[in-house]
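Architecture at a glance
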Amino acid sequence: MLTLLAVAAALGGGLPQMLVERRLAEAVPLHVGDTVSVRPLASGAALRPFVVAGVFERPADPSRISRNEFEVRLHLPDLQAMLPATDRVDRFAVVLAPGADPSPAARWIAGVAFGTAVFGSRDLAEESSSTFRVVSRFHHAIGIVTILASGIFLLCVMTIRVDERRRDMATLRLVGVSRATVFRAIVLEAIAIAVLGSAAGAGVGIVGARIVNAYYAHVYDTTLRFALVTPRIVLLAALLGLGLGAAAGALAAWRVVNVPPQRLGER
Amino acid sequence: MTRVIDARGVAKDYPYGGEAVHALRGVDLGVDAGEWISIVGPSGCGKSSLLNLLAGIDAPSSGTVELLGRPLHALREAERSRLRLREVGFVFQRFHLLAVLTAQENVELPMSEAGIGRAERRGRARELLEFVGLGHRVKHRPPHLSGGEQQRVAIARALANRPRVLFADEPTGELDRRTGEEILALFQRVNAEGTTMVMVTHDPGVAARAERTVEMADGLVVRDSGAKGGS
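To keep things clear, this report deals only with the structure shown in the data block. In this text the structure is predicted, and so the values were computed from the model without any measurement.

A look at the overall build of chain B
When helices and strands are counted, chain B shows seven helices and 10 strands. Buried positions account for 54% of the 231 residues belonging to chain B. Of the contacts formed within chain B by residues at least 6 apart in sequence, a portion of 69% connects residues at least 24 apart. Carbon together with sulfur atoms contributes 47% to the accessible area of chain B, which is approximately 10,200 Å² in total.

Considering a nonpolar patch on the surface
All names here are of chain A. Among the surface-exposed residues, V212, Y215, V219, Y220 and F226 lie close enough to one another that they form a single nonpolar patch of about 430 Å² accessible area. With respect to the helices and strands, the residue V219 is situated in helix 7 (residues 179-220). With relative accessibility at 42%, the residue V219 sits in the partly exposed group.

Concerning the environment of R70 of chain B
All names here are of chain B. You can see R70 is positioned in strand 5 (residues 70-71). Looking at R70, the relative accessible area reads 35%, which means it is partly exposed. Separated by 13 residues in the primary sequence, R70 and L83 place their C-alpha atoms 8.9 Å from one another. Ignoring anything within four residues of it in the chain, the contact list for R70 reads V65, L75 and L83.

Some thoughts on the packing of helix 4 (residues 121-128) of chain A against helix 5 (residues 130-164) of chain A
Residue and element names in this part refer to chain A. Axis separation between helix 4 and helix 5 bottoms out at 5 Å; the angle between their running directions is 65 degrees. Between helix 4 and helix 5, the crossing angle belongs to the class labelled roughly perpendicular. Contacts from E126, E127 and S128 in helix 4 reach S130, F132 and R133 in helix 5. By residue class, the composition of the contact of helix 4 with helix 5 is one nonpolar, two polar and three charged.

A short note on the sheet that holds strand 5 of chain B
Residues and elements named next belong to chain B. Ordered in space as 2-1-4-5, the four strands form an open sheet in which the pairing is antiparallel. Among the strands making up the open sheet, the edge pair consists of strand 2 (19-32) and strand 5. Pairing analysis gives 11 bridges linking strand 1 (residues 3-16) to strand 2, with the strands arranged antiparallel. In the strand pairing of strand 2, K12 is matched with L24. Sheet strands touched by helix 1 (residues 47-54): strand 1, strand 2 and strand 4 (62-67). Its angle to strand 2, the strand with the most contacts, is close to 60 degrees.

A short note on a positive patch on the surface
On the surface, a cluster of positive charge is contributed by R70, R76, R82 and R86 of chain B. The topology assignment puts R86 of chain B in helix 2 (residues 77-87).

A look at the packing of aromatic side chains
All names here are of chain A. Considering all chains together, one arrives at seven aromatic pairs over all chains under this definition. Taken together, the ring pairs in this structure connect Y215, Y216, Y220 and F226 into an aromatic cluster. Just above the ring of F56 sits the side chain of R73; from NZ or CZ to the centre is 4.0 Å.

Remarks on unusual backbone geometry
Omega for the bond connecting V28 of chain A with P29 of chain A falls within 30 degrees of zero, at -5 degrees, which places this linkage in the cis form. Looking at the element boundaries, P29 of chain A is found in the loop between helix 1 (22-27) and strand 3 (35-40). Not every positive phi belongs to a glycine, and R162 of chain B is a case in point at roughly 50 degrees. Summarising the element assignment, R162 of chain B is placed in the loop between helix 5 (147-158) and strand 7 (165-169).

Description of the pattern of salt bridges
All chains considered together, the criterion is met by 26 salt bridges over all chains. For the salt bridge of R178 of chain B with E182 of chain B, the shortest nitrogen-to-oxygen distance reads 3.6 Å. In this pair, R178 of chain B and E182 of chain B both sit in helix 6 (residues 177-192), four residues apart, roughly one turn of the helix. With a relative accessible area of 62%, R178 of chain B lands in the exposed category. Residue E182 of chain B is classed as partly exposed on the basis of its relative accessible area, which comes to 30%. In this structure, the salt-bridge partner of E181 of chain B is R209 of chain B, at a minimum N-O distance of 2.5 Å. Here the residue E181 of chain B occupies a position in helix 6, and R209 of chain B occupies one in the loop between helix 7 (204-207) and strand 9 (212-217), the gap between them amounting to 28 residues. Taking relative accessible area as the criterion, R209 of chain B reaches 24% and is therefore assigned partly exposed. Each of R22, E26, E57 and D221 of chain A takes part in one network of salt bridges that share partners.

A look at the interface of chain B and chain A
Contacts between the two partners involve 15 residues from chain B and, on the opposite side, 15 residues from chain A. Summing the contributions of chain B and of chain A, the shared interface buries around 1,500 Å²; its carbon and sulfur component is 58%. Considering only the surface of chain B that becomes buried against chain A, H96, L98 and E113 of chain B emerge as the three largest contributors, covering 32% of it. Our count for the chain B to chain A interface comes out at one salt bridge. A salt bridge links R173 of chain A to E77 of chain B; the nearest nitrogen and oxygen atoms lie 3.0 Å apart. At the junction of chain B and chain A, the tally comes to six residue pairs in polar contact (both at pLDDT 80 or more). Looking at the side of chain B that touches chain A, the elements that each hand over two or more residues are helix 2 and helix 3 (103-113) of chain B. With four residues, the single largest contributor to the side of chain B that touches chain A is helix 2 of chain B. Class assignment for the residues of the side of chain B that touches chain A results in six nonpolar, three polar and six charged.

Rules used throughout
Residues numbered from 1 in each chain as written. Chains lettered and ligands numbered in written order. Predicted model: local features only at pLDDT ≥ 70, side-chain atom pairs only at ≥ 80, totals over all residues. Heavy atoms only, no water. Helix = DSSP H or I, 4+ residues; strand = E, 2+ residues; numbered from the N terminus. Buried < 20%, exposed > 50% of the residue type's maximum accessible area, 1.4 Å probe, protein only. Contact = heavy atoms within 4.5 Å. Areas by Shrake-Rupley, 256 points an atom, 1.4 Å probe, with all protein chains shown as cover. Patch = residues over 30% accessible without salt bridge, like charges linked within 9 Å, V, L, I, M, F, W, Y side chains within 5 Å. Salt bridge = Lys/Arg side-chain N within 4 Å of Asp/Glu carboxyl O. Axes fitted to C-alpha atoms, helices over the stretch in contact; angles between N-to-C directions. Parallel < 35°, antiparallel > 145°, perpendicular 65-115°, else oblique. Nonpolar A, V, L, I, M, F, W, Y, C, P; charged D, E, K, R; others polar. Pairing = 2+ DSSP bridges. Lys, Arg positive; Asp, Glu negative; His and termini not counted. Charge placed at Lys NZ, Arg CZ, Asp CG, Glu CD. Phe/Tyr/Trp six-rings, centres within 6.5 Å; stacked < 30°, edge-to-face > 60°. Lys NZ or Arg CZ within 6 Å of the ring centre and 35° of its normal. Buried area = accessible area lost by both parts, 1.4 Å probe. Polar contact = N/O pair within 3.5 Å; in protein donor to acceptor, adjacent residues only side chain to side chain.

Printed below as a string of structure tokens:
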């Protein structure tokens, strides 16, 4: 842990460079070219001056969202020089080229530094994201309940719509329109309602997600997105709408086409 | 004369409260091509039930009904639907028009189901609406038409697929006397063009317009003015 103790006006020169994260730069405030003095919190080491070489946006990380901490990046030798034991680190990360196999790199590091435990970022993420998995399952449960409820709602809507038009159904059947045609018409109508409902729901979801993200981005000053409506979700909604619409329409239609036409107009 | 309808020993029971209500108790009726018959009788005597059986809307509990040589009692619902669509017209007391469709679209409906092309059915619908005196109301929807006009649209729709038999259930029941007279005059023209007509009414004045009257009581035919050697 480091502490920033002082900020001087732009001096630059041959000082070591550091990067500061945007939130820190805005909070102090700091600008590129400013000089800052830094020392480790854990020791009484002397202050070391650094020049701000750039400002970076910290990657969005849900596990750090509520921690009120700032981040700076130093060159490794500079950081090493500030540590009480220069040959010891608790942990460090190695970024590999995209697509590179992490296993040989892990073996190499373990071979160079005996006793080092190497973890892939995926394993680490999985280990540290159990809370999020629970939240995610909770969201799935809400989703399933919502889908069930909307399916029942759609069935009710279709049953009411069909019931309201029993006389029209009777007319169609009496003039010789086949049961299959009536059945098809009701199912198609239900599918149209469901797909339109899904489209409207996706639209509301997209707008809602933007509002939620804007609100929390403001509250936490983060680029993290709290609500996501992906093309996959929209496609899933459309497919579910199609399926639920077809099922609700078929159930409602089944009730009506099995009533003799002369009795359809009766209440 | 070609026999168009041949009903023998037709009975129809409806379940009600665990018991059977006998709406028809063995009716024999024959109708020849080009005839116009009225079925009359008091309310609940079974005349509408008989009409539904003769038109293939319902199936008898026992007995046989042949319509245009087809045994209705042995046909499946889909086959009866097809027969109703292509060979039979039906005019109802309460018109049974679709309120969301225009007069023309209502007339086009059976033709559309029968697979007739758009241009042909549009032309025929206009022709039929002209025939019933509604050439100027083709774009009107039923709620904007009077009762008499709605019944004319219903008649035009019933004639859409050039039926050989036209059934009418109390066609003047919802209309005033003058409008009822206009509808009966229209039926007369339809019958004069060769369409067989079977009409149910409780009004003796309306029944008298037909050339033959069949009187029913308690689910039985009690008098048939056209029966050979009969009453």
